[in-house]
Amino acid sequence: MNKEEILTLEDNVEYMVLDTAEFNHDKYLYCVEIDEEEMPKDTYKYFKEVKEDGILYTEEVEDENIIEALTSIFTINIIDNVTNEEQDV
């Protein structure tokens, strides 16, 4: 999955991918829940991409150590993006 793609969970709740990152050889997604008009809500989650038999799945990250590491990674990505945008002006 890539930035701005929409993922729909089994319970039909939809999330938009805000960012992606590699950690421990796995791909993780930083997502925000969206409403019917694709507007963001206040629920943010991390998901791990899992490929089984050629099919792509996601599973919610619940391990606090991984969540802590991902929070640092995605925070650095956001700071880098903001800094790069400011330099482009």
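Criteria and thresholds
Residues numbered from 1 in each chain as written. Predicted model: local features only at pLDDT ≥ 70, side-chain atom pairs only at ≥ 80, totals over all residues. Heavy atoms only, no water. Pairing = 2+ DSSP bridges. Helix = DSSP H or I, 4+ residues; strand = E, 2+ residues; numbered from the N terminus. Buried < 20%, exposed > 50% of the residue type's maximum accessible area, 1.4 Å probe, protein only. Polar contact = N/O pair within 3.5 Å; in protein donor to acceptor, adjacent residues only side chain to side chain. Contact = heavy atoms within 4.5 Å.

Draft legend 1. Just the pairing of strand 5 (residues 55-60), in detail. One ladder, built from six bridges, connects strand 4 (residues 40-52) with strand 5; its direction is antiparallel. Among the inter-strand pairings, Lys51 is bridged to a residue of strand 5, identified as Leu56. Connecting the antiparallel pair strand 4 and strand 5 is a turn made up of two residues, with Asp53 showing a positive phi of about 55°.

Draft legend 2. Structural detail: the side chain of Glu49. Positionally, Glu49 belongs in strand 4. Residue Glu49 is classed as buried on the basis of its relative accessible area of 14%. A distance of 2.4 Å separates a polar atom in the side chain of Glu49 from the backbone nitrogen of Met1. If near-sequence neighbours (up to four positions away) are discounted, Glu49 is found in contact with Met1, Lys27, Leu29, Leu56 and Tyr57.

Draft legend 3. Region of interest: the environment of Asn65. You can see Asn65 is positioned in helix 1 (residues 64-88). Exposure remark for Asn65: the relative accessible area of 61% places this residue in the exposed category. Taking the C-alpha atoms as reference points, Asn65 and Asp53, separated by twelve residues in sequence, lie 28 Å from one another.

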